[in-house]
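Reading the structure
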Protein chains: 2
Amino acid sequence: MALQLAVSSVILALRPSPDDDGDDGGGVLGLWIPLVRRIREPYEGRWALPGGPLGEGCGLEQAARNALTTSTGLDPAYLEQLYAFGGLDRSRDRENEGPDPDRVVSIVYWALVRAEEDQAAVRAHNVEWFPVDALPDLAFDHIQVIDYALARLRAKILYSPIAHAFLPTEFTLAELRAVHEAVLGRELDPANFRRQTLASGGVEPTGRRLEGTNHRPPSLYRYRAESVATSPTPPPRSAS
Amino acid sequence: MALQLAVSSVILALRPSPDDDGDDGGGVLGLWIPLVRRIREPYEGRWALPGGPLGEGCGLEQAARNALTTSTGLDPAYLEQLYAFGGLDRSRDRENEGPDPDRVVSIVYWALVRAEEDQAAVRAHNVEWFPVDALPDLAFDHIQVIDYALARLRAKILYSPIAHAFLPTEFTLAELRAVHEAVLGRELDPANFRRQTLASGGVEPTGRRLEGTNHRPPSLYRYRAESVATSPTPPPRSAS
């Protein structure tokens, strides 16, 4: 049983939910993820995270970016190493017993992409986007990998400026709240959210307002440079 | 150039600083790390993080625990995956040009051990403990790996109950502050620290006091179960 090293990516984007008619102009946002249909065993025909074996002349982060570009054409606002998965049984196909597969250790990155990047996404062959709450059957342990990425995102949005990755440079508090609601999967009280967000000191008003909307256009905010710059801890240069 | 997969561990313990005479009974604490002297090329004779190639029948976390036990005899209070390091040039010995070495991707764990565990540490052959601010010349890119672990620890102690790993179940606020000071490498104002710690709600009084110390024994505190349980996000079971 040989040992293989692969790099995979969990790519998350915010899009209007599938059950939303979009008539109100905004629409409820949800998290979506691109998956690739496998064209060989094990798990032929099943959906899997974009990725592949680590190439010889390729650093880890570059391998993650390559998989991301090939499958979606996107250049993410946020790309970070998530976790290395290397349990002994994780590459075995439990429904289709064949010869023992190679053992695969996967170094998984996660990427967050903005809506405008997402709209430029290449519709690559064998790639399809799914809402994270309506995923198809997945190959390997990829459902657990996605669940872990979602848990990390939901934890991280509470103490770090990670929502930044889903937003344009300037945004309204309603837009920021919509990102939080989509990630957390529940509605938030607008007044509480506004109060807590302003008290945290992570964002600041730009002094401008959203143009062309209505008679009382909402104020625009931005993340403070220092709050975005200090998170996450950047890995050393030799790492990737 | 073959690709190898290794698992290494950054093990951190708190001990009295080397320049402290310990006469006052407590002593200033500092962070210490065990290193292993390499007995083969590349970097023969240099100090390196405990670890080795990933064995066939061994999960990632088990491999990290094995390296930790072999080199220190410790069972850590906190063990977590830190990062996977896989840059193209990281295993090259820049001072001793030989044939191109194998490319090594290292999955690094970090462990925090309590003082009482540390005192039970086995003095294994070729293993020595160093203060993190007086490290010897290290093999490979291990100095960068250690710097990254220290940066993560210093960031994490500000928003998570990670100091818990260095403390007994019940502790005084002075002991908690000493852990923060050792990790951050600077003195903290006792009154400010007390106020901020109690305001954060992470710890709670046990109702007991430290016995046998002086006429006004300090109160004992513990971490609230929910604050310790929610950090860090546990990886899925298939991961390790």
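Residues numbered from 1 in each chain as written. Chains lettered and ligands numbered in written order. Predicted model: local features only at pLDDT ≥ 70, side-chain atom pairs only at ≥ 80, totals over all residues. Heavy atoms only, no water.

1. Details of the overall build of chain A
On a plain count of helices and strands, chain A comes out with six helices and nine strands. Split into buried and exposed, the 240 residues of chain A put 48% on the buried side. Considering only residue pairs separated by 6 or more positions, chain A has 66% of its internal contacts joining residues 24 or more positions apart. Put simply, chain A shows about 12000 Å² of open surface, and 48% of that area lies on carbon and sulfur atoms. (Helix = DSSP H or I, 4+ residues; strand = E, 2+ residues; numbered from the N terminus. Buried < 20%, exposed > 50% of the residue type's maximum accessible area, 1.4 Å probe, protein only. Contact = heavy atoms within 4.5 Å. Areas by Shrake-Rupley, 256 points an atom, 1.4 Å probe, with all protein chains shown as cover.)

2. Side note on the pattern of salt bridges
Throughout the structure, instances matching the rule amount to 12 salt bridges over all chains. In this structure, Arg-177 of chain B engages Glu-181 of chain B in a salt bridge whose closest nitrogen and oxygen atoms are separated by 3.3 Å. On the criterion of helical spacing, the pair formed by Arg-177 of chain B and Glu-181 of chain B is a turn pair, its members being four residues apart in helix H4 (residues 173–184). Linked through salt bridges whose partners overlap, the residues forming this network are Glu-204, Arg-222 and Arg-224 of chain A. (Salt bridge = Lys/Arg side-chain N within 4 Å of Asp/Glu carboxyl O.)

3. So, the side chain of Thr-206 of chain B
The residue Thr-206 of chain B is located in strand E8 (residues 203–209) in this model. Of the residues examined, Thr-206 of chain B reaches a relative accessible area of 14% and is grouped as buried.

4. Description of the packing of aromatic side chains
Per the stated rule, a full pass over the model turns up 15 aromatic pairs over all chains. Ring-pair connections join several aromatic residues into one group, and the members of that group are Tyr-83, Phe-85 and Tyr-148 of chain A. (Phe/Tyr/Trp six-rings, centres within 6.5 Å; stacked < 30°, edge-to-face > 60°.)

5. Section: the packing of H4 of chain B against helix H5 (residues 190–200) of chain B
All names here are of chain B. Put simply, H4 and H5 touch, their axes get as near as 10 Å, and they point 100° apart. On the basis of the axis angle, H4 is roughly perpendicular to H5. Residues Leu-173, Leu-176, Arg-177 and His-180 of H4 form the contact with H5, whose own contacting residues are Pro-190, Phe-193, Arg-194, Thr-197 and Leu-198. For the contact of H4 with H5, the residue count by class is five nonpolar, two polar and two charged. (Axes fitted to C-alpha atoms, helices over the stretch in contact; angles between N-to-C directions. Parallel < 35°, antiparallel > 145°, perpendicular 65-115°, else oblique. Nonpolar A, V, L, I, M, F, W, Y, C, P; charged D, E, K, R; others polar.)

6. Focus: the nonpolar core
One finds Leu-12 of chain A together with Leu-12 of chain B to be the most contacted residues of the largest nonpolar core, which totals 124 residues. Not counting residues up to four positions away in its chain, the partners in contact with Leu-12 of chain B are Leu-31, Trp-32, Ile-33, Ala-111, Leu-112, Val-113, Val-132, Leu-150, Leu-153 and Phe-166 of chain B. (Core = buried A, V, L, I, M, F, W, Y, C linked by side-chain atoms within 4.5 Å.)

7. Concerning the confidence of the model for chain A
Low-confidence regions, as indicated by low pLDDT, have predicted coordinates that should not be scrutinised in detail. On average, chain A scores 84 in pLDDT, and the residues at 70 or more come to 81%. Helix H2 (residues 115–119) of chain A is the least confidently modelled element of chain A, averaging 62 in pLDDT, while strand E3 (residues 47–48) of chain A averages 96, the highest of any element. (pLDDT = per-residue confidence, 0-100.)

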